[in-house]
Amino acid sequence: MTVWDPVQIVVGVDGSEQSIRAARVAAGLANTQGSRLHIVTVVRPPEGWWGVVGSPPPAEALSASMERAQRSVLDKTMAAIDAEGIDVVATEEIGDPASALSAYCEQVGAGLLIVGRRGAGVVERLVLGSVADRLAHHAPCALMVVP
Ligand SMILES: Nc1ncnc2c1ncn2[C@@H]1O[C@H](COP(=O)(O)OP(=O)(O)OP(=O)(O)O)[C@@H](O)[C@H]1O
Ligand SMILES: [Mg+2]
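To keep things clear, this report deals only with the structure shown in the data block. No experiment lies behind these values; they were computed from the predicted model shown.

Here the structure, examined in full by the defined rule, presents five salt bridges. For the salt bridge of arginine 71 with aspartate 75, the shortest nitrogen-to-oxygen distance reads 3.6 Å. Here aspartate 75 and arginine 71 lie together in helix 2 (residues 64-80), a separation of four residues that amounts to about one turn. Residue classification places arginine 71 among the partly exposed positions, given a relative accessible area of 37%. Residue classification places aspartate 75 among the partly exposed residues on the basis of a relative accessible area of 41%. A salt bridge links aspartate 96 to arginine 134, with the nearest nitrogen and oxygen atoms 2.7 Å apart. Of the two residues, aspartate 96 sits in the loop between strand 3 (87-94) and helix 3 (97-108) while arginine 134 sits in helix 4 (residues 130-138), which places them 38 residues apart along the sequence. Within the structure, one salt-bridge network assembled from shared partners comprises Arg44, Asp96 and Arg134.

Written as structure tokens, this is what we have:
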């Protein structure tokens, strides 16, 4: 009996080794479960980016360099996983990483979100990174934290 069938699996990647490990786990699970794998990287907009209008600008408005950096995170992740036989969607989102990942999960109806325990941040004292920590409290679906 199938009690849990994550048709859509989302993994958050920030270019760190930890997030690539999370992506490998996600790819393995997507493969055995026959799930679609969404590889998502979120870029924080520069200070003041929201402006006075209050709504996020479209992705096209991001500077070319940020766009390239984000693209390279996805390329690096794709090169590091075994995507053979998996339906993979790689996408770039803008905003606060934890909020944007949660919103993305809701949007695609994800059954599972996978992240690394830590990421590209440099604050070594943290056991759990702030993005992983916020998701542990607020993710809209099951969360897997990969050490
Ligand atoms: N910008 C992002 N886009 C997508 N996923 C992310 C992003 N930032 C973090 N993640 C996911 O969350 C995991 C944990 O990263 P997190 O940012 O919480 O830790 P950290 O970078 O070590 O700490 P902090 O950012 O608090 O300094 C990463 O391995 C990745 O899976
Ligand atoms: Mg981080």
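This brings us to the site of ligand 1. Lining the immediate environment of ligand 1, one finds 21 residues, of which Gly12, Val42, Arg118, Gly121 and Ser130 sit closest. The contact in question runs from a nitrogen atom of ligand 1 to an N or O atom on the backbone of valine 13, over 3.3 Å. In the model, an oxygen atom of ligand 1 is placed 2.8 Å from a nitrogen or oxygen of the valine 131 main chain. Protein contact buries 90% of the 620 Å² of open area that ligand 1 shows by itself. Comparing atom positions with the cavity grids shows ligand 1 to sit within the largest pocket. Residue assignment for the shell around ligand 1 shows that the elements contributing at least two residues are strand 2 (36-43), helix 3, strand 4 (112-116) and helix 4. Here the shell around ligand 1 is composed, by residue class, of 10 nonpolar, nine polar and two charged.

Rules behind the numbers
Residues numbered from 1 in each chain as written. Chains lettered and ligands numbered in written order. Predicted model: local features only at pLDDT ≥ 70, side-chain atom pairs only at ≥ 80, totals over all residues. Heavy atoms only, no water. Salt bridge = Lys/Arg side-chain N within 4 Å of Asp/Glu carboxyl O. Helix = DSSP H or I, 4+ residues; strand = E, 2+ residues; numbered from the N terminus. Buried < 20%, exposed > 50% of the residue type's maximum accessible area, 1.4 Å probe, protein only. Near = heavy atom within 4 Å. Polar contact = N/O pair within 3.5 Å; in protein donor to acceptor, adjacent residues only side chain to side chain. Areas by Shrake-Rupley, 256 points an atom, 1.4 Å probe, with all protein chains shown as cover. 1 Å grid on protein atoms, 1.4 Å probe; cavity = no way out; pocket = protein on both sides within 12 Å on 5 of 7 lines; lining within 4 Å. Sits in = over half its atoms within 2 Å of the grid points. Nonpolar A, V, L, I, M, F, W, Y, C, P; charged D, E, K, R; others polar.

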